[in-house]
Amino acid sequence: MSQYQCGSCHAIPGVADARGVSAVSLEGFARRSYIGGRLPNRPSTLEAWIIDPHAQIAAANMPALAVSPEQARDMAAYLRTLK
Ligand code: HEC
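My aim in this report is to walk through the structure given alongside it, one point at a time. Because the structure is a prediction, the values reported are computed rather than measured.

**Brief notes about the nonpolar core**
Here is step 1: Membership of the largest hydrophobic core comes to 21 residues, with the highest contact counts inside it found for Met1, Ile12, Leu46, Trp49, Ile50 and Leu79.
Here is step 2: Of all the elements in the fold, those that place two or more residues in this core are helix H1 (43–51) and helix H3 (69–79).
Here is step 3: Once residues within four sequence positions are removed from consideration, Ile12 is found in contact with Met1, Cys6, Gly7, Ala18, Leu26, Tyr78, Leu79 and Leu82.

**A few points about the packing of H1 against H3**
Here is step 1: Put simply, H1 and H3 touch, their axes get as near as 9 Å, and they point 125 degrees apart. Judged by the inter-axis angle, H1 sits oblique to H3. Here the hand of the crossing between H1 and H3 comes out right-handed. Taking contact as the criterion, the partners of Leu46, Glu47, Ile50 and Ile51 in H1 are, on H3, Pro69, Ala72, Arg73, Met75, Ala76 and Leu79.

Thresholds applied
Numbers given to residues run from 1 along each chain, matching the order in which its sequence is written. Given that the model is predicted, a residue must reach a pLDDT of at least 70 before its local features are reported, and side-chain atom pairs must reach 80 or more before they are shown or counted; all residues, however, enter totals for whole chains, interfaces and linings. Note that water and hydrogens are dropped before the side-chain values are worked out from all heavy atoms of the structure. In this description, a nonpolar core means a group of buried Ala, Val, Leu, Ile, Met, Phe, Trp, Tyr and Cys residues linked to one another through side-chain atoms lying within 4.5 Å. Note on classification: 1.4 Å probe, protein chains only; a residue is buried when its accessible area is under 20% of the maximum for its type, exposed when over 50%, partly exposed between these limits. Only runs of H or I of at least four residues qualify as helices and only runs of E of at least two qualify as strands under DSSP, and these elements are numbered from the N terminus. Any two residues whose heavy atoms approach within 4.5 Å at even a single point are treated as in contact. Angles run from 0 to 180 degrees between N-to-C directions of axes, and those axes are lines fitted to C-alpha atoms, restricted for helices to the stretch in contact. For classification, angles of less than 35 degrees are called roughly parallel, those exceeding 145 degrees roughly antiparallel, those between 65 and 115 degrees roughly perpendicular, and all remaining angles oblique. Note on convention: near helix rotated counterclockwise from far helix by under a right angle means a left-handed crossing. Clockwise means right-handed.

What follows is the structure, encoded as structure tokens:
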């Protein structure tokens with residue numbers, strides 16, 4: 001997540017330099033019911049969101065960052081540990 005600069009927009013506990021404030025903090029993400037306020041917070045949905053937000057919510061503001069499926073799986077697994 002550091003490499004993809006997720007932290008330029010999001011604060012992400014445990015990720016170096018992830019202190020962005022232009023998007024919602026991902027602290028406590030595992031406790032959230034929804035992704036982007038609309039999608040059920042499930043592993044497969046979270047991975048799909050990280051790969052291509054606009055395919056999930058057309059009006060999403062988060063850009064697609066060319067994250068591979070393997071990397072999205074790892075990122076999603078980490079985000080689910082943020083309680
Ligand atoms: C250019 C800013 C930007 C970058 C870079 C960015 N995001 Fe986002 N992200 C957003 C915005 C804005 C939202 C809120 C939903 C929307 O409108 O798109 C969001 C929403 C999310 C959510 C849902 C949070 C919630 O509580 O609903 C997750 C998870 C997420 N981003 C993960 C990531 C990951 C992982 C990366 C890096 C691969 C990343 N983001 C990079 C802007 C960004």
